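These are the residues of each chain, in order.
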Amino acid sequence: MSAVRALGRLRAATTGYAQPAATVRHRHLSDRPVVFVPYGMSGEAFAPLAAMVGDDPAAPHLLVVPQPRDRGRRFGHVAELAAVLLPYLTEYLGTTETVERRNEDAYERAVDAPQVIVPSGGGVEYMRLLGRSTRFRRTDGEYAVPPDVPLLGRWTTWLAERARTPGSSVLLAMTDLLTQTWATGQSNLEDRELASLMGWIDPAPGCTGAETAREAEGAAPAGPASAPAFDEKLAPLIAAFDNATRAEHAHSIARAEERIRDAVGAELAPTWQRMWRGIELLRALPAGASVAGRWDTDRMAYSLFAADLESPDSRPQPRVPGAVAAARQLVRREQAQARLESEQLRDDPLLMAEARLVGQAFRGHVTTVDADRKVVEPGRKQARPRPLVVVRTTDEPLLPLETELECVERPKAKARLLGVAEGPDGTHDVCLELTGGMGRGKTPDEGSVPEPGEALCWTLVAPGFRGGPKWPAPEETPWTHGGPPEPPAERDEDGEEAAAGPREPDADELAAAEEPWS
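The shown structure was predicted, so the numbers you read here are calculated from the model rather than taken from an experiment.

## Concerning the side chain of Gln317
Now for step 1: For Gln317, the location among the structural elements is in the loop between α11 (291–310) and α12 (323–347).
Now for step 2: Judged by relative accessible area, Gln317 falls into the buried class, the value being 9%.
Now for step 3: In terms of polar contacts, Gln317 uses its side chain to reach the backbone carbonyl oxygen of Arg154, at 3.0 Å.

## Structural notes on the sheet that holds strand β10 (residues 361–370)
Now for step 1: Pairing is antiparallel in the closed barrel, where 6 strands are placed in the order β10-β13-β16-β15-β14-β17. Taken pair by pair, the neighbouring strands of this sheet meet at an average axis angle of 45°, ignoring direction.
Now for step 2: Bridging between β10 and strand β17 (residues 455–460) involves 5 bridges; their strand directions are antiparallel. Bridge pairing in β17 links Phe362 to Trp458.
Now for step 3: Running at roughly 75° to β10, helix α13 (residues 349–357) makes contact with β10 and β17 of the sheet.

## Structural notes on the sheet that holds strand β4 (residues 61–64)
Now for step 1: Taken in spatial order, the 5 strands make up an open sheet running β4-β3-β2-β7-β8, and their pairing is mixed. The two strands at the open ends of the sheet, each matched to only one other strand, are β4 and β8 (171–173). With direction set aside, neighbouring strand axes in the sheet form an average angle of 20°.
Now for step 2: Alignment of strand β2 (residues 34–40) against strand β3 (residues 48–54), held across 6 bridges, turns out to be antiparallel. Paired with Pro38 across the strands is Ala51, a residue of β3.

## Concerning the pattern of salt bridges
Now for step 1: According to the stated counting rule, one finds 27 salt bridges in the structure shown.
Now for step 2: Measuring nitrogen to oxygen at the nearest pair gives 2.8 Å for the salt bridge that ties Asp202 to Arg277. One end of the pair, Asp202, is in the loop between α7 (194–201) and α8 (209–215); the other, Arg277, is in helix α10 (residues 250–283), with 75 residues separating them in the sequence.
Now for step 3: The class for Asp202 is partly exposed, based on a relative accessible area of 27%.
Now for step 4: Between Glu343 and Arg294 there is a salt bridge; the shortest N-O distance is 2.8 Å. One end of the pair, Glu343, is in helix α12; the other, Arg294, is in helix α11, with 49 residues separating them in the sequence.

Criteria and thresholds
Residues numbered from 1 in each chain as written. Predicted model: local features only at pLDDT ≥ 70, side-chain atom pairs only at ≥ 80, totals over all residues. Heavy atoms only, no water. Helix = DSSP H or I, 4+ residues; strand = E, 2+ residues; numbered from the N terminus. Buried < 20%, exposed > 50% of the residue type's maximum accessible area, 1.4 Å probe, protein only. Polar contact = N/O pair within 3.5 Å; in protein donor to acceptor, adjacent residues only side chain to side chain. Pairing = 2+ DSSP bridges. Axes fitted to C-alpha atoms, helices over the stretch in contact; angles between N-to-C directions. Contact = heavy atoms within 4.5 Å. Salt bridge = Lys/Arg side-chain N within 4 Å of Asp/Glu carboxyl O.

This is the structure in structure tokens:
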């Protein structure tokens, strides 16, 4: 835990109210997100009990499974969920823009993309399990399911996998959004429960956040796991439904189903309201400057996945990615994590304060500028502009000499740390050599060199995009890593075909298609 966040927690515990942990919103929020509150049956491996879903706070869709142990009703529930989610997930494909790429063909990118928000990290895992349980299902034969069921499974798998990419916003957990923005006076474990977390952030009138959170401790959990007390209440209702079904009494069946629906609806309604209240609070914050760029990456991923679905050779995502696909995926996530940390630091003065506190950044006023300085660098014949800038700061830079730095206020400016000297009254004079952001001429472009008196913040250079190592073809990997592949034609997780021609389902996929559900 950072020092700034620890201080925020201490202040929250002292005052009884949540404290800001960020000054901007670091995730994209759609104008029309879909809120999805899933609920599962306790004691059963991934047995959907209910879901409250929709993009209208006043008109949620409540989908209930009166007997979660019934395989047919489970897939009926998924089909109902698909009828709500699939139109939303695909409606953004109608409006696209052409994106030109260097050394690659242009492609069509959707101008917007869907966004699903679940209450907590458990909801993200629920989406992953939903995809795993449905994307290999057959639409014909003995255990046929509606065609939309495996299609929804592929979409939920993509959403859950995309949620693992740092900075992605297509599938978000409300508790993650709130804890990134506010610090409470309770533990990280308690922050995972939406009711108490919202109590700290949005207290009831006349109560402190701590008091509201304490009262919310007995509230219904946000799911997908239900409370034991609710399970005890629901058990006789399900038993009554089973008895009515065996008796084949239509009126009793309808009555039992209605009672289950009322009980589940009352359990999910508070979470539904807290979700939309959380969205309202987050919308009140300005978005960070880099949020739009990360959303562009989400739109690209969304468009490419939708295009892959349209391909006649498209296959469901494998349960376990191959060695090359897994390594490529890991590199991409590491790069996304480095990019996210750097961009958030520049967007948010509160996060930058943490970097300044530990000596990884400094902010001060320019005192001296030698704009005409030129240097002949090793390996070059002509002198290049290398102005010197001295910044006086009350921070204490703890960076080694020759460290490459960037300026927050001047994003194009690059500099090299040449030295740090003691200044008057406990300040430090930091000597910098400008190395970039001045144009390609023999003299710096007008306005590219800082002026004396200018207030600037300097921090470490953000890691740029790296292409990564050259990955071997799947057939060139050792047998310990899955090669040589058999059968020969198999699509990896990124949709890249290793060899032409269709392939037969493997043993895992056949087993998944035959097993009842989980």
